[in-house]
Amino acid sequence: MKKRINSDKIDLIEVIVNIWNNKLKIAAVTAIFIVLSTSIYLVNKPQLNAKTEILPITIFENNLYSPYNSLLATEPVSDDKNIISQQKLNNINQNYLLDLFLAELQTKKIVIEAIKKYQLIDQSKFNDEGKYLEAVEKYALSLELLRPINDDNSQRSETRLNWIIKIEVDDKDKWEEALSFINYKINKDMQNYLALNFVTNLNNLKLLDQFKLEDLNQKIEFAKNDYDIETSNRLAFLNEQASIARELNIKNNTLEVENFNTSLGGVISNLQTAKPYYMRGYSMIEKEIELIESRTNKDAFTENLLDLEKQRRELLENKSLERIEQLFNSSPIKSNNFKAASIIYKDTKYEAKFSFIKVVLFAAIFGIIFGMFYVSILNEIQQRKKNI
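Residues numbered from 1 in each chain as written. Predicted model: local features only at pLDDT ≥ 70, side-chain atom pairs only at ≥ 80, totals over all residues. Heavy atoms only, no water.

A. Structural context of the overall build of the chain. When helices and strands are tallied, the chain shows 13 helices and seven strands. Per-residue burial over the chain gives 30% buried out of 388 residues. The long-range share in the chain, meaning contacts at least 24 apart out of those at least 6 apart in sequence, stands at 77%. Counting only carbon and sulfur atoms, one obtains 54% of the accessible surface of the chain, whose full area is about 26,600 Å². (Helix = DSSP H or I, 4+ residues; strand = E, 2+ residues; numbered from the N terminus. Buried < 20%, exposed > 50% of the residue type's maximum accessible area, 1.4 Å probe, protein only. Contact = heavy atoms within 4.5 Å. Areas by Shrake-Rupley, 256 points an atom, 1.4 Å probe, with all protein chains shown as cover.)

Here's what the structure looks like:
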C-alpha cells in the first residue's frame, strides 16, 4: 500500500525535466497556435474603434463676423422710443456655429444618408428592406459624440480639447469618405439655414417696423383731428361767453376784491378768481376768438404732435436693418468657403478592438500551456505502458 501511495505522488523535478526534453514539441505546438490565430485575425479583420475630432472655426474666421455682430442691439429697446429691437437676429460666432453643427449631427439624419451612400452596411446581406434600414439606423445610433473634458488640464485623466466622433468601423477608406460627405452636407445645410433664417427674421423686423410707422401715422392723424374738434368746441364756448359779456356790457375783465379789517387795524384783500368766463369781458374773449381763427400753423398748437413726428422721423431715418443686411451679405455665410465647424476626417485615429500583438501574445501563452499539458500527458501514458 505504501508503494502505491508513493507512486501516485507527482515528481516536480521529473515534470520539469520532461518539459525540457520536449521543448521542441512545445515550441511546435505554440507555433501552430500562433499561425492559426494570425491567420484567423488576418482573414476576419476585427472592427476598428475610429475617433475623429470636430474643430470649431478659427479665431480669424470668427473675427469675420465682428462687423455684423457689432450692429446688433446688445440691450432690449424700449417700446416708447419706437425703435425696432434687433434681439431676434442672433450673433454669429464660433460657439453658435459649433452648436448648430453638433445639433444637426446629433439628429443622425445625414449620418444615415452617408451609411447608405457609401454602403457601410452591406445591403446584399439582407433579404428584407426593412431589416436593412433597421440595421442602418442602429449603426447610425451607435455613433457617439464625446464632449471635451479636462480642457484646463486640471485633472490627471483623459483630456479632450474638442468634440470627438466615435464609432466602430470595418473599412477605413469608406468611413473617411462618409465623414467627408457628412462634413460637407452639414456645413451646406447650416449655410442655407442661416441665410434663410436671417431673411425670415429680417423681413419680420421690417414688417414690425412698418406696423410701428403705421401706428405713428394714425396717432398723428388722430392728434390733428382732436385739435380740430377741441378748437371747434373752444370757439363755440368763447362765442357764447362773448355774447353774454356784450349783453351785460362787460367790456373788460373785472375782478371783485373784498377787503377785511383786522383787529390790528390792517386790511386783507380777497381776490375773487372763481367766476364765469364772460366776466373777463368781451374785448378779451373776442380777441382770443380772433387769434384762434387766424392761426395758419395748426400743428404748432396740436398737443403731443411734435413728439409723435419726432418718433416717426427717427423710425424713417433708422438705417440699422439695411446696414445689418449689407454686413450679413458680406460675411462668410454668403461665400463659398463657409463652414460652421470641420470634421478632421483625414486625421481619424483607429484602434483595433484586439490588436495583432495581443492576438500573438495570447496565442503564444495558450500554445505553451497546451504544449506543456500535451507532453505531460504523453509522458504519463508512456510511463504507464512501461509499468504494465
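B. A nonpolar patch on the surface, seen in detail. Where nonpolar side chains cluster on the molecular surface, the patch consists of Leu-361, Phe-362, Ile-365, Phe-366 and Ile-369 and spans about 510 Å² of accessible area. By secondary structure assignment, the location of Phe-362 is in helix α13 (residues 356-387). Owing to a relative accessible area of 48%, Phe-362 belongs among the partly exposed residues under this scheme. (Patch = residues over 30% accessible without salt bridge, like charges linked within 9 Å, V, L, I, M, F, W, Y side chains within 5 Å. Salt bridge = Lys/Arg side-chain N within 4 Å of Asp/Glu carboxyl O.)

C. Up close: the nonpolar core. Of all hydrophobic cores here, the largest spans 52 residues; its most connected members are Ile-54, Ile-165 and Trp-175. Looking at this core, the elements that each hand over two or more residues are β1 (48-56), α6 (94-106), α7 (109-117), α8 (129-141), β3 (163-169), α9 (172-247), α12 (320-329) and β6 (341-343). With 11 residues, α9 is the largest single contributor of residues to this core. (Core = buried A, V, L, I, M, F, W, Y, C linked by side-chain atoms within 4.5 Å.)

D. Highlighting a negative patch on the surface. On the surface, Asp-170, Asp-171, Asp-173 and Glu-177 cluster together to form a negatively charged patch. A relative accessible area of 33% means that Asp-171 is categorised as partly exposed. (Lys, Arg positive; Asp, Glu negative; His and termini not counted. Charge placed at Lys NZ, Arg CZ, Asp CG, Glu CD.)

E. Here's a closer look at the environment of Ser-124. Relative to the assigned elements, Ser-124 resides in the loop between α7 and α8. In terms of polar contacts, Ser-124 uses its side chain to reach the side chain of Asp-122, at 2.6 Å. (Polar contact = N/O pair within 3.5 Å; in protein donor to acceptor, adjacent residues only side chain to side chain.)

F. Highlighting the environment of Glu-325. Along the polypeptide, Glu-325 turns up in helix α12. Through-space distance from the C-alpha of Glu-325 to that of Tyr-68 is 8.5 Å; in sequence the pair is 257 residues apart. Setting aside residues up to four positions removed in sequence, Glu-325 forms contacts with Phe-198, Leu-202 and Lys-206.

G. Up close: the side chain of Thr-30. Considering the arrangement of structural elements, one finds Thr-30 in helix α3 (residues 23-43). On the accessibility criterion, Thr-30 (10% relative accessible area) is buried. Here Ile-368 takes part through its backbone nitrogen, which lies 3.2 Å from a polar atom of the side chain of Thr-30. Setting aside its immediate chain neighbours within four residues, Thr-30 contacts Ala-364, Gly-367 and Ile-368.

H. The packing of aromatic side chains, seen in detail. In the structure shown here, the tally under the stated rule is six aromatic pairs. By the ring-pair criterion, three or more aromatic residues cluster together here, those being Tyr-68, Phe-198 and Phe-328. Against the face of Tyr-282 rests Arg-246, its NZ or CZ located 4.1 Å from the ring centre. The ring of Phe-301 carries Arg-295 above its face, with NZ or CZ at 3.9 Å from the centroid. (Phe/Tyr/Trp six-rings, centres within 6.5 Å; stacked < 30°, edge-to-face > 60°. Lys NZ or Arg CZ within 6 Å of the ring centre and 35° of its normal.)

I. Highlighting the packing of α7 against α9. In contact at an axis separation of 9 Å, α7 and α9 are set at 140° when each is read in the N-to-C sense. Judged on the interaxial angle alone, α9 and α7 are oblique. The element α7 and its partner α9 pack so that their crossing is right-handed. Residue-level inspection shows Ile-110, Val-111, Glu-113, Ala-114 and Lys-117 of α7 in contact with α9, the latter providing Ala-178, Phe-181, Ile-182, Lys-185, Ile-186 and Asp-189. Taken together, the residues of the contact of α7 with α9 sort by class into seven nonpolar, no polar and four charged. (Axes fitted to C-alpha atoms, helices over the stretch in contact; angles between N-to-C directions. Parallel < 35°, antiparallel > 145°, perpendicular 65-115°, else oblique. Left-handed = near helix turned anticlockwise from the far one by under 90°. Nonpolar A, V, L, I, M, F, W, Y, C, P; charged D, E, K, R; others polar.)

J. Seen up close, unusual backbone geometry. Despite not being glycine, Gln-119 has its phi angle at roughly 50°, a positive value. Structurally, Gln-119 can be placed in the loop between α7 and α8. Of note in this structure, Asn-249 is not a glycine but carries a positive phi near 60°. Along the polypeptide, Asn-249 turns up in the loop between α9 and β4 (257-261). Here Asn-249 falls in the exposed class, since its relative accessible area comes to 60%.

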